[in-house]
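Fold and contact review
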Amino acid sequence: MGLPSNVQDILTHQLEEEIKLKYQSQLAEEKKRFEHDQEKLNHAKEEFEQRKRQENELFQERLEKQITEERKSIEVKLKAKLSEEQAEQFKTLQQELSEKSEQIKELNRSKAEIERLKREKEEIKESAEAESQKKLNELLPGRKTKNQES
């Protein structure tokens, strides 16, 4: 025998209310868990983004430091190469200067030798002329004497 329909409706309604309250309570808990999980996820995302920014900054710093070190290394190498080239050029110029200086000394010695030879030639010429004049003078008085005797 069944319950009167009125009692059955009341029991059904009560049962529905209990089930409804139970599911609402579970839904509220699930919603809280979901919101909590969502909050954790957002927090983890923020931490990840912050770490990512920090790592990018560190990477950028390392990259700039490496670029700076490479530049310095290249500058040092270039300076060394330039110094080496300049030293080589300086050495070459010194050799050329030394050679030119030696050539000038040789030229001056040659000029001095030419001047000495000119002087000697002049002296010999003057000596020869003096000797010729002397002989001429010696010959001339002898002729005068011959001419006077005749």
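Up top is the structure.
Structure report, in brief. Positions within a chain are numbered from 1, following the residues in the order the chain's sequence is written. Local features in a predicted model are, by the rule used here, given only for residues with pLDDT of at least 70; side-chain atom pairs are given and counted only at 80 or more, and totals for whole chains, interfaces and linings are based on all residues. Note: side-chain values were computed over all heavy atoms of the structure, leaving out hydrogens and water.

A separate point is the overall build of the protein. Regarding its fold elements, the protein presents one helix and zero strands. The C-alpha atoms of the protein give 63 Å as radius of gyration, which overshoots the globular expectation for 150 residues (15 Å, by more than 25%). The dimensions of the protein, computed from C-alpha atoms along their principal axes, are 215 × 15 × 15 Å. For each residue, the accessible area found with a 1.4 Å probe, counting protein chains only, is set against the maximum for its type, and the residue is called buried under 20%, exposed over 50%, and partly exposed in between. Counting all 150 residues of the protein, 0% fall into the buried class. Surface accessibility in these figures is a Shrake-Rupley result with a 1.4 Å probe; residues are shielded only by whichever protein chains are displayed. As displayed, the protein offers around 14,900 Å² of accessible surface, 54% of which is attributable to carbon and sulfur atoms. We treat Lys and Arg as the positive residues and Asp and Glu as the negative residues; His and chain ends play no part in the count. Charged groups are reduced to one reference atom each: NZ for lysine, CZ for arginine, CG for aspartic acid, CD for glutamic acid. Taken as two groups, the 32 positive and 36 negative side-chain charges of the protein have centres that lie 11 Å from each other. Numbering goes from the N terminus for both helices and strands, where a helix is a DSSP run of H or I of at least four residues and a strand is a run of E of at least two. Only C-alpha atoms enter the radius of gyration; for comparison, a globular chain is expected to reach 2.2 Å times N to the power 0.38, where N is the number of residues.

Further remarks concern a nonpolar patch on the surface. For patch detection, residues must exceed 30% relative accessible area and be free of salt bridges, and they are connected within 9 Å for like charges or within 5 Å for nonpolar side chains (Val, Leu, Ile, Met, Phe, Trp, Tyr). Note on definitions: salt bridges are taken to be side-chain nitrogens of Lys or Arg within 4 Å of carboxyl oxygens of Asp or Glu. There is a patch of nonpolar side chains on the surface, built from Leu15, Ile19 and Tyr23 and spanning about 330 Å² of accessible area. Counting through the fold element by element, Leu15 comes out in helix H1 (residues 5-149).

Bringing the environment of Glu88 into the picture now. Positionally, Glu88 belongs in helix H1. A relative accessible area of 48% means that Glu88 is categorised as partly exposed. Linking Glu88 and Ile124, residues 36 residues apart in sequence, is a C-alpha distance of 53 Å.

With that out of the way, let us pick up a negative patch on the surface. A grouping of Glu122, Glu123, Glu126 and Glu129 is seen on the molecular surface, where their side chains present a negatively charged patch. With respect to the secondary-structure elements, Glu123 resides in helix H1.

This part takes up the pattern of salt bridges. Scanning all chains against the criterion turns up eight salt bridges. The residue Glu102 makes a salt bridge to Arg109 at a minimum N-O spacing of 3.5 Å. Several salt bridges share partner residues, and in doing so they unite Glu29, Glu30 and Arg33 into one network.

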